[in-house]
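Chain by chain, the residues:
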Amino acid sequence: MRKPVMAANWKMYKTAAETAVFFEKFLPLVAGSGHCEVLICPPYLSVGAAVDAARGTRVQIGAQNMHSKKEGAFTGEISAPMIRAAGCTHVLVGHSERRQLFGATDQGVSDKAVAALDAGLTPVICVGERVEQRQSGETDAVLAAQFRKGIGPLSEEQFGRILIAYESVWAIGTGLVATPEQAADAHRAIRAQALARYGTDAAAGIRILYGGSVKPDNVKGLMAQPEIDGALVGGASLDPFSFASIVNF
Ligand code: PGA
């Protein structure tokens, strides 16, 4: 009953022209993919090209980050209403690269999630443990803290409008995919947090995507886990054939 979401995070790849070329090849390959939602998150400057190319199709477009304020003297930043006005439906919030490289905090994550929801966007809130945290057995504690501080401030109504992405940070861009069992364990830990904070229905309804080296050859095993409600794909989403075969798992 939870419809899968297959999402692409293009990171800092693809110009507007390259985006148009991608869509020309990609769209015919996913024309029959009614089994899932398809989301593509290009860099800001390629969002317009993506929105144009996806118009009239089921493919949804998202941004990769945002500022929590509507507008203001924040040089270099983009707000949720601007992202919505550009034709996006989603925005990634708290991706591990934002946390590790650009100082994103759990407090900032929850501020951004609320601002995204206020603007009519679906925030895809990313959580996940780093390698040393996994090795020292802290995975569940890390996920619990990220949930409590980054997601827990949302109301129940707001919680019903988000997506969560669990990304084992050690598996991002490394080729080290979490096993389907490791991923499902983490998803269960997150769903347990949702149950404790928001109750049975909310926990049963929340869609949790897995991210970290998802490829055409491992997506099936991951999606066979009932706990896994989709994928957030970096590297393997840049090629239209590769991402289409992930979408059509
Ligand atoms: P990857 O990236 O698929 O290249 O590991 C996933 C992500 O960072 O969202």
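See the structure shown above.
Residues numbered from 1 in each chain as written. Predicted model: local features only at pLDDT ≥ 70, side-chain atom pairs only at ≥ 80, totals over all residues. Heavy atoms only, no water.

Draft legend 1. Structural detail: the site of the ligand. The environment of the ligand is made up of 13 residues, and the closest members are Lys11, His95, Glu167, Gly173 and Ser213. Note that an oxygen atom of the ligand is positioned 3.4 Å from one of the side-chain N or O atoms of Asn9. With respect to the ligand, the side chain of Lys11 contributes an N or O atom lying 2.7 Å from an oxygen atom. The protein chains hide 97% of the 280 Å² of surface that the ligand would expose on its own. (Near = heavy atom within 4 Å. Polar contact = N/O pair within 3.5 Å; in protein donor to acceptor, adjacent residues only side chain to side chain. Areas by Shrake-Rupley, 256 points an atom, 1.4 Å probe, with all protein chains shown as cover.)

Draft legend 2. Representation of unusual backbone geometry within the structure. Unusually for a residue other than glycine, Lys14 sits at a positive phi of about 85°. With respect to the helices and strands, Lys14 occurs in the loop between β1 (5-9) and α1 (16-29). (Helix = DSSP H or I, 4+ residues; strand = E, 2+ residues; numbered from the N terminus.)

Draft legend 3. Here's a closer look at the packing of α1 against helix α2 (residues 44-54). The geometry of α1 relative to α2 is characterised by a closest axis approach of 8 Å and an angle of 30° between their N-to-C directions. When the interaxial angle is binned, α1 and α2 end up roughly parallel. As for how α1 packs across α2, the hand of that crossing is right-handed. Every residue of α2 that contacts α1 at Ala16, Thr19, Phe23 and Leu27 is listed here: Leu45, Ser46, Ala49, Ala50, Ala53 and Ala54. For the contact of α1 with α2, a count of residues per class yields 8 nonpolar, 2 polar and no charged. (Axes fitted to C-alpha atoms, helices over the stretch in contact; angles between N-to-C directions. Parallel < 35°, antiparallel > 145°, perpendicular 65-115°, else oblique. Left-handed = near helix turned anticlockwise from the far one by under 90°. Contact = heavy atoms within 4.5 Å. Nonpolar A, V, L, I, M, F, W, Y, C, P; charged D, E, K, R; others polar.)

Draft legend 4. The arrangement of α1 in detail. The end-to-end C-alpha separation of α1 is 20 Å, in line with the 20 Å expected for 14 residues at 1.5 Å each. At Phe23, α1 shows its largest kink, close to 25°. For α1, the set of buried residues is Thr19, Phe22, Phe23 and Phe26. Looking at the buried side of α1, the elements it contacts are β2 (37-41), α2, β3 (59-63) and α12 (240-247). (Expected span 1.5 Å × (residues − 1). Bend = angle between axes of the 7 residues up to and from the residue. Buried < 20%, exposed > 50% of the residue type's maximum accessible area, 1.4 Å probe, protein only.)

Draft legend 5. Inspection of the pattern of salt bridges at higher detail. Inspection of the entire model under this criterion finds 11 salt bridges. Between Glu97 and Lys11 there is a salt bridge, with the nearest N and O atoms lying 2.8 Å from each other. Note that Glu97 is positioned in helix α4 (residues 96-102) and Lys11 in the loop between β1 and α1, a separation of 86 residues in sequence. A relative accessible area of 25% places Glu97 in the partly exposed class. Across the pair Arg134 and Glu129 runs a salt bridge whose closest N-O atoms are separated by 2.7 Å. Overall, the relative accessible area of 24% leaves Arg134 in the partly exposed class. (Salt bridge = Lys/Arg side-chain N within 4 Å of Asp/Glu carboxyl O.)

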